[in-house]
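The lines below spell out each chain.
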Amino acid sequence: MEEDIKRVKVTWSDDLSHNSEEERERERQAQLERELAALPVKPVYEPAELKTLVSYIMEMTTIYDLRPEDWNDEAKFAIEEWITEPKALILCVYFKGEKLKASSDIPLSPVYDLSYFIRQPDFVFKAETFHDDIIFGTFVDSVESNIIRHLELVFAPFFFAVNTWPDSVKSEFCSQIHTFLAKLTDMYYKMLGLTVLYIPREGQNLTFEKASGDRELVKRLEGVVVYWTHQIKSCIEDQSSVASQKELLCPSDEYDFWVYRHENLSALLYQLRNPAVKHITKILVTTHSTFIHQFQSLCDEINQKLKEATSNIEFLQIIKQPCAILECVDDPDEIANHVPQIINLFRVIWMESPYYNSEARITNLFKALSNQIIILCRNYVKLDELFEGNTKKALGEFSKCIDCCKRYREIYELMAEAHSDVNPGSWELDIGAIFNYIDSFVQRCFDMLDVCNCMIIFGRIDELEVINKPMFGGARGDQFEAKCDQIEHMFHDALDNVRAVADTILDVQAPSWYDDILQFRAVIKDIEIIIENLVETVFEGVNHVEEAVVALYSLHNYSKRKSLKRIFKRKTAEVWAMFSDEVQEAKKDMVSGRGQYPTDLPSFAGRATVLRMRKNRLAYLKKVMTDASVWLMACSNSEDVIMHVNRLMGAIDVAIRELFISWTHNLDEKCGAGLNKTLMRKSAENPGLLECNIDVNILELCKEAHHWENLGLDIPLHAYQVYNKSKTVFYVYESVLAVVKGYNKIIDSLSDDERQLFKPLTSVCILFFNMTDL
C-alpha cells in the first residue's frame, strides 16, 4: 500500500506588494492546483484486510434490535465504499423501515437511532490501528441523552483540562457546565422515573489533599453537592403517588408506587456508594464545607425511608391479589362481592402497619378503591354503542353503574358502623374525600340516563322498537308534522354536541362536562316549551273523543318525558271528561226522546233500535278508551266514567227489554186470522173502484218482528208463524197494490157507458178478487 500523502496546508496570500488583482488571482489558482495535486491516491486494500475492517464496523454498530441477519449485501458494500474513499468523513448505519442501511450521508428522514463513524480528512485506515483511529458513537431518539453523553464524556474533559484560560474564566465556565449537566441529567432521568446524580469527573485524578487546596475546584464541587442535596430531598419528600391529569390511581398503583420508591431509593443509595461520590464528599469534609453536613444527614435519612418503603410493600402486598381479581371484573354487579374483603384488608393495614396507620394514607387507599370502581364502570359502559343507537342497552349499563356505586357506599358505611360499634372512634376517615369522585361519577351516569331518555323521546332512537314519526290529520296536520321535524332536528344538533365531548363525559377529572350538559339541558328545555305549545294547538281542533285519543296517540312518545307529564296528564283528563260528557248527553237523550223513533221504523222496535244505536256508540267509545288505557296516562276519574257507561248501557238493555215486553203484550194471540181475509174489496168511498183489503196489523207485525229479530230477541210463536210468511205477505201486498192501482186506473179512464159495456168482465174480476186470500 502506498504511503499516505499528507495534505499541504494552504493559506491565501494577502500581500499588498502585488501590482494588480490579476496577479493575486493567478497565485490563488496556482496554490489550488498544488493542493489538488497533493491529494492522496485512493487506497487499495487486500480483500482479507478490507473484510476485517468491515467486520470491525459491523461489530461496533450498536442500534436497537440489530441482529446478524439484518446485515445485507447493500449495507456491507456501502461500508466498503466508505472505507476506500478517504474523502468521505462520516458513515451512518441505521434502519430505514425494516431494512438496515449504511450511508456516507446523514439520513434526511427521522430514524429511531443511528451509529456513526468519523475519520480525519483524507485518512486511510489500517486494520492494525483501526480502533485507535476511528471515532464512533450512537445517537438515540432522546436528545437529552445524546447531549449528556457527548458533553460529559467528550467535551467536558477537554474543558476541565484547559490550562491556558484565566482561573476566573475557567472556574465560571466549568461551574456552568456542572450546573447544566446536573440539571439536564436530573430532568432526563426524572422523566424515566429515576433520581440520578450527576457525578463530575473533574478532580477525580487528584488526591483529596491536593484537590482540597484548589479553592475554585472546591466551590464547583460544592455547587454539585448542593444540587445533590436538592435531588435527595425531593426524592425523600415524595411520599405519595401523584396522578396525571387524566389518570385515576388504583390500589395496585399504590403498591407499584412503593415498589418504585424502594427501587429509586435503593438506586440512590447505590449511587452514593460510588467511589467518585465518596471522593467528593471527602474533599468537602476536609475543607470543612458548610454544605456537606446537610448532604450527609440526608444520606442517613435515605436508609430510614428505604426501611419505610420495605414495610409498606410488605403490607400492601396482601391487597395485590384481591385487587388484581377486582380489576378483571367485567360486570358492575360483581364488584360488590369483592369490596368487603378489600375493605377488611385495608383495615388490617390500618391497624398493623407501623408506617401506613395514618388516616391520610388509609383515606388515599379508599380513594384508590373508589377510583378502581369508577374505572371498571367506565370500561363497562360503551359510549360509542350508545351514540350508534343502542339506547336501551346504555340505560341498563348506566343503571348498573349507579347501583354498583350506591352498593359500594352502603358496604363501606355498614362496615364502618360495625367497627365503630365495637371500638368507638376507631374509624374516623374523610368520607367526603373518599366518595367525592364516586358521587361525581354517579351524577354523570344520571346525566347520561337523561340523555338516553331524550334520545328515545325526542330523537326516536331505540334499538328494540321502531318509534313512528308523529302523524296528524286535518287541515293543519302538515303544520304539526313540520313542528315535530323541527323538534327532532334541534335535538340531533344538541346530541351531536354531546357526542363531540364523549371523552369527557365519564372523566370525573374533567370539569368541562358540567358546561356541556347545561347547554344540552337548555336545548331540551326549549324543546319542551315547543311541545307544550304544540299540544295546546293540536287540541284546539279536537271536537270529539276519537279525535282526542288519536291526537294523544300521535304525541304519546313525548309524554314519557317527566317534565311533560303534567300537560299530558291534563289532556288525558280532558279526554275522559269529553267521554263523560258524551255519556251524560246520551243519558239525557234517552230520557227526553223516550217516545221518539224514526218514521220508517215501527213504534216499539224503532224506539228499541234508537236505544241500541246509543248503546253501540257508548260501547265503541268505551272500547276506544279501554284500549287506549294501555298507553294513556292514568286518570283519577276514569273508573267512574267507565262505571257510569256500564250503568247506562245496562239501563238501555232494560229499556229495550221493556219495549219488547210491551210489544208482545199488545199482540193478539189470533193475529194470524188476518191472513184469511180477501186481498181486495170494493171501495166504499169511490164506487166502482177497488182497494187493498190486507190487514195493516199483519204488515206492522212483520215489520216489528223483523227489527226485533235483528235486535237478537226471540219472537213469540204465534207472531213468528205470521212473521215466517212476511216475505210472501209483503210480496202479495205489493202485487195487490199494483193490481188495484192498475184496475182503478183503467176504470177511471172509462166513461159511464163504457163501464156498462165492460160490466160483465169487471164483475168477474171483482168476484175473483173477493174470493182470493193470503
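These numbers come from a predicted model, not from an experiment. (Residues numbered from 1 in each chain as written. Predicted model: local features only at pLDDT ≥ 70, side-chain atom pairs only at ≥ 80, totals over all residues. Heavy atoms only, no water.)

A. Summary view of the overall build of the protein chain. Secondary structure assignment for the protein chain yields 30 helices and six strands. Burial analysis of the protein chain (774 residues in total) assigns 43% to the buried set. Here the analysis covers contacts within the protein chain between residues at least 6 apart in sequence; of these, 72% occur between residues at least 24 apart. Looking at the protein chain as shown, the accessible area adds up to about 43500 Å², and 54% of this sits on carbon and sulfur atoms. (Helix = DSSP H or I, 4+ residues; strand = E, 2+ residues; numbered from the N terminus. Buried < 20%, exposed > 50% of the residue type's maximum accessible area, 1.4 Å probe, protein only. Contact = heavy atoms within 4.5 Å. Areas by Shrake-Rupley, 256 points an atom, 1.4 Å probe, with all protein chains shown as cover.)

B. Focus on the pattern of salt bridges. Enumeration over the complete set of coordinates arrives at 27 salt bridges. Between Glu 74 and Lys 99 there is a salt bridge whose closest N-O contact spans 2.7 Å. In this pair, Glu 74 sits in helix α3 (residues 73–83) while Lys 99 sits in strand β2 (residues 99–103), placing the two residues 25 residues apart along the sequence. Take Lys 99: its relative accessible area is 44%, and that puts it in the partly exposed class. The partner of Glu 410 in a salt bridge is Arg 407, and the shortest N-O contact between them spans 3.6 Å. One end of the pair is Glu 410 and the other is Arg 407, both in helix α16 (residues 391–422) and three residues apart, which spans about a single turn. Here the salt bridges share partners, and the residues they tie into one network are Asp 447, Asp 450, Arg 521, Glu 528 and Arg 561. (Salt bridge = Lys/Arg side-chain N within 4 Å of Asp/Glu carboxyl O.)

C. Highlighting empty space enclosed by the protein. The full count for this structure, using the stated rule, is one cavity of 30 Å³ or more. The wall of the largest cavity is formed by Leu 552, His 556, Ser 559, Phe 568, Thr 572, Trp 631, Leu 632 and Met 633. Of the residues contributing to the lining of the largest cavity, the split by class is five nonpolar, three polar and no charged. (1 Å grid on protein atoms, 1.4 Å probe; cavity = no way out; pocket = protein on both sides within 12 Å on 5 of 7 lines; lining within 4 Å. Points joined across faces, edges and corners; volume = space filled by probe spheres on them. Nonpolar A, V, L, I, M, F, W, Y, C, P; charged D, E, K, R; others polar.)

D. Examining the packing of helix α23 (residues 565–592) against helix α24 (residues 603–628) more closely. Between α23 and α24, whose axes approach to 11 Å, the crossing angle comes to 170 degrees. Of the possible angle classes, the one that applies to α23 and α24 is roughly antiparallel. Of the residues in α24, those in contact with Val 575, Trp 576, Phe 579, Glu 582, Val 583, Ala 586, Asp 589 and Met 590 of α23 are Leu 611, Arg 614, Arg 617, Leu 618, Leu 621, Lys 622 and Met 625. Per-class residue counts for the contact of α23 with α24 are 10 nonpolar, no polar and five charged. (Axes fitted to C-alpha atoms, helices over the stretch in contact; angles between N-to-C directions. Parallel < 35°, antiparallel > 145°, perpendicular 65-115°, else oblique.)

E. View of the pairing of strand β3 (residues 114–118). Counting buried residues along β3, four of its five residues qualify, which places the element largely inside the surrounding structure. Bridge count for strand β1 (residues 90–96) against β3 is five bridges, and the pairing is antiparallel. Counted as the bridge partner of Cys 92 is Tyr 116 from β3. Sheet analysis places β3 next to strand β4 (residues 135–139), joined by five bridges and oriented antiparallel. Bridging across to β4, Ile 118 finds its partner in Ile 135. (Pairing = 2+ DSSP bridges.)

F. Representation of the pairing of β1. Most of β1 sits out of view: five of its seven residues are buried. Taken together, the five bridges between β1 and β2 define a ladder with antiparallel strand orientation. Bridge assignment links Cys 92 to a residue of β2, and that residue is Ser 103. With antiparallel pairing between neighbouring strands as the criterion, β1 and β2 make up a hairpin whose turn holds two residues, including Gly 97 at a positive phi of roughly 75 degrees.

G. Spatial organisation of the sheet that holds β3. With antiparallel pairing, four strands are arranged side by side in an open sheet as β2-β1-β3-β4. Either end of the sheet is taken by a strand with one partner, and the two such strands are β2 and β4. For this sheet the average axis-to-axis angle between neighbouring strands, irrespective of direction, equals 15 degrees.

H. Seen up close, the packing of aromatic side chains. Considering all chains together, one arrives at 24 aromatic pairs under this definition. Centre to centre, the rings of Phe 123 and Phe 125 are 5.5 Å apart; their planes meet at 70 degrees, and the pair counts as edge-to-face. The class of Phe 125 is buried, set by a relative accessible area of 0%. Measuring from ring centre to ring centre gives 6.3 Å for Trp 258 and Tyr 356, while their planes differ by 70 degrees; the resulting arrangement is edge-to-face. (Phe/Tyr/Trp six-rings, centres within 6.5 Å; stacked < 30°, edge-to-face > 60°.)

I. Spatial organisation of the nonpolar core. If you look at the biggest cluster of nonpolar residues, it comprises 133 residues, and the most contacted ones within it are Phe 366, Phe 398, Phe 458, Tyr 558, Phe 568, Phe 579 and Trp 708. In this view, Tyr 558 contacts Ile 457, Phe 458, Pro 470, Cys 484, Ile 487, Ile 531, Leu 564 and Phe 568; residues no more than four positions away in its chain are not counted. In terms of nonpolar packing, the next biggest core, distinct from the first, is built from 27 residues, Val 224, Ile 236, Ile 280 and Ile 283 among them. (Core = buried A, V, L, I, M, F, W, Y, C linked by side-chain atoms within 4.5 Å.)

J. Structural context of the packing of helix α21 (residues 512–540) against α23. Contact geometry for α21 and α23: axes closest at 10 Å, N-to-C directions at 15 degrees. Regarding the angle of α21 to α23, the classification is roughly parallel. Two packed elements cross with a definite hand, and for α21 against α23 that hand is left-handed. Here α21 contributes Ile 531, Glu 532, Val 535, Glu 536 and Phe 539 to the contact with α23, which in turn contributes Arg 566, Ile 567, Phe 568, Arg 570, Lys 571, Glu 574 and Val 575. Taken together, the residues that form the contact of α21 with α23 break down as six nonpolar, no polar and six charged. (Left-handed = near helix turned anticlockwise from the far one by under 90°.)

K. Seen up close, the UniProt feature "coiled-coil region" (unreviewed entry) in the protein chain. Within the UniProt annotation, "coiled-coil region" (unreviewed entry) is assigned to residues 292–319. Counting secondary structure, residues 292–319 comes out at 89% helix and 0% strand; the distance between its end C-alpha atoms is 41 Å. (UniProt positions renumbered as here; feature names shortened; annotations may be inferred.)

L. Seen up close, the confidence of the model for the protein chain. Within the protein chain, residue pLDDT values average 83, and 87% of them lie at 70 or more. By mean pLDDT, helix α30 (residues 759–771) is the weakest element of the protein chain at 63, and helix α18 (residues 436–457) is the strongest at 95. (pLDDT = per-residue confidence, 0-100.)

M. Summary view of the environment of Gly 137. Its place among the elements puts Gly 137 in strand β4. Each residue touching Gly 137, except ones within four places of it in the same chain, is listed here: Leu 114, Ser 115 and Tyr 116.

N. Broad picture of the side chain of Ser 554. Within the secondary structure layout, Ser 554 lies in helix α22 (residues 545–554). Looking at Ser 554, its side chain comes within polar contact range of the main-chain oxygen of Met 471, at 2.7 Å. Here Ser 554 is in contact with Pro 470, Met 471 and Phe 472, once residues within four sequence places are set aside. (Polar contact = N/O pair within 3.5 Å; in protein donor to acceptor, adjacent residues only side chain to side chain.)

O. Local environment of the environment of Ser 311. Within the fold, Ser 311 resides in helix α11 (residues 292–316). Note on Ser 311: relative accessible area 9%, which makes it buried. C-alpha separation for the pair Ser 311 and Trp 258, spaced 53 residues apart in sequence, amounts to 9.5 Å. Residues within four places of Ser 311 in sequence aside, it is in contact with Pro 354 and Tyr 355.

P. Main features of the state of the cysteines. Counting across every chain of the model gives zero disulfides. With no disulfide partner, Cys 323 has as its closest neighbouring cysteine sulfur the one in Cys 250, 8.7 Å distant. (Disulfide = S-S within 2.5 Å.)

Q. Highlighting unusual backbone geometry. With a phi angle near 60 degrees, Asp 65 is a residue other than glycine that sits in the positive phi range. Along the chain, the position of Asp 65 falls in the loop between α2 (47–60) and α3. Since its relative accessible area comes to 42%, Asp 65 is described here as partly exposed. Although it is not a glycine, Arg 460 sits at a positive phi angle of roughly 55 degrees. If you trace the backbone, Arg 460 turns up in the loop between α18 and α19 (477–500). Given a relative accessible area of 27%, Arg 460 falls into the partly exposed group.

R. Broad picture of the side chain of Thr 84. Locating Thr 84 in the fold gives a position in the loop between α3 and β1. For Thr 84, a relative accessible area of 15% gives the class buried. Only 3.2 Å separates the side chain of Thr 84 from the backbone oxygen of Glu 81, close enough to count as a polar contact. Ignoring sequence-local partners within four residues, the contact set of Thr 84 consists of Lys 42, Pro 43, Tyr 45 and Leu 50.

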